[in-house]
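# Observations on the three-dimensional arrangement
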Amino acid sequence: MRRRRALLTALPAALLLALLPSGATAYPNPGLVTGDVVVHDPTMIKTTDGRYVLYSTHGGLEARTSTDRTHFTRAGSAFTGLPSWWAEYSPERDPWAPDISYHNGAYWMYYAVSSFGSNHSAIGLAKSSTGLPGSWSDRGIVYRTSTSDNHNAIDPNLFVDDDGSWWLSFGSYWTGIKMIRLDPDTGNRHSDRTVHSLATRPDAPHAVEAPQIVKRDGYYYLFASYDRCCAGADSTYKIKAGRASSPTGPYTDRNGVRMMDGGGTPVLETHGRYIGPGGQSVLKDSDGHVLVYHYYDRDDNGTPKLGINLLGWNGGWPTAY
């Protein structure tokens, strides 16, 4: 099996996609990863010195490093000291769903602080000159919500457009995925206070979260996680996508259904032992776009594990392989 997978990954993406079954349930297994791979809500970057650094939920944002995008070693956490303001939103001071990127000569990381089932939540910002664990300086709250709001400030993702504008998408349940504009100089909220709506579901609990925006060939692609997370082998998470001609939408799926009306083209769903893939991020690497996510291993008591697949763009739509 390992030899077969190695041969497949060496094939051109278009040919490999042609070899896959055409049915909607023909999803690929995760690529080979080894080492410390028990993670939740992973985000990964390739640093300027060629190392991969992956951060994930819990433990002051757990860190893992890799030299080959295959073998991962636990390497401490982003934070060695936990900011005191976290306690208002999470009594355990347990941050979630980081998002790392590199801009203006520095590494930027947005992350969420909340408790399960609550929208009394906040999105924080940290910066680092190296991107390595233990090097992060917290810059405080960028956006917050309370129980009187109709949306939730979790699962942030920074998108920087070609014109230099900065956008932060975020959200979960309530009324779905939102977006605000940021000030590129500070990474904090822009003077434009508009809150844009990108995706939701027509019926409660409006189960869509974990946005990630990627620009390719003039389109903006919104990836999001749908349905139920965090229930081990009973999870129903899945990754869907839509695209738009503007970062603020409207995003539509392959069939033209708006993501604000519950649309979304499937990218990855439960298959075999790989339950509830989601909490995704997308890394642009030398061999293309890389989908980084967690799934729950049915054959290991529902343990959350790291999944990595390449993305092809079959007919202008993302396809995991």
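All values derive from a computational prediction rather than experimental measurement. (Residues numbered from 1 in each chain as written. Predicted model: local features only at pLDDT ≥ 70, side-chain atom pairs only at ≥ 80, totals over all residues. Heavy atoms only, no water.)

This next bit is on the sheet that holds strand E21 (residues 317–320). The 4 strands are arranged E18-E19-E20-E21 in an open sheet whose pairing can be described as antiparallel. Each end of this open sheet is capped by a strand with a single partner; those strands are strand E18 (274–285) and E21. Each strand axis lies, on average, 35° off the axis of its neighbour in the sheet, ignoring direction. Strand direction decides the pairing type here: strand E19 (residues 288–297) and strand E20 (residues 303–314), joined by 8 bridges, are antiparallel. Looking across to E20, one finds that Val292 is bridged to Ile308. (Pairing = 2+ DSSP bridges. Helix = DSSP H or I, 4+ residues; strand = E, 2+ residues; numbered from the N terminus. Axes fitted to C-alpha atoms, helices over the stretch in contact; angles between N-to-C directions.)

What follows is about the pattern of salt bridges. Inspection of the entire model under this criterion finds 18 salt bridges. When the shortest N-O distance is used, the salt bridge between Asp227 and Arg201 registers 3.1 Å. You can see Asp227 sitting in the loop between strand E15 (219–226) and strand E16 (238–244) and its partner Arg201 sitting in the loop between strand E13 (196–199) and strand E14 (208–216), a full 26 residues away along the chain. For the pair shown, Asp227 and Arg201 are each scored as buried. As a salt-bridge pair, Arg298 and Asp299 come within 3.1 Å of each other at their nearest N and O atoms. Residue Arg298 is classed as partly exposed on the basis of its relative accessible area of 46%. (Salt bridge = Lys/Arg side-chain N within 4 Å of Asp/Glu carboxyl O. Buried < 20%, exposed > 50% of the residue type's maximum accessible area, 1.4 Å probe, protein only.)

Where burial is concerned, most of strand E3 (residues 52–56) is hidden: 5 out of the 5 residues are buried. Of the two faces of E3, the one lined by Tyr52, Leu54 and Ser56 and the one lined by Val53 and Tyr55 are each fully buried. Alignment of strand E2 (residues 43–46) against E3, held across 4 bridges, turns out to be antiparallel. From the neighbouring strand, Met44 faces E3, where its bridge partner is Leu54. Two successive antiparallel strands, E2 and E3, enclose a turn made up of 5 residues, where Gly50 displays a positive phi of approximately 95°. As defined by bridge partners, E3 adjoins strand E4 (residues 62–66) across 5 bridges and the pair is classed as antiparallel. What sits directly across from Val53, in E4, is Thr65.

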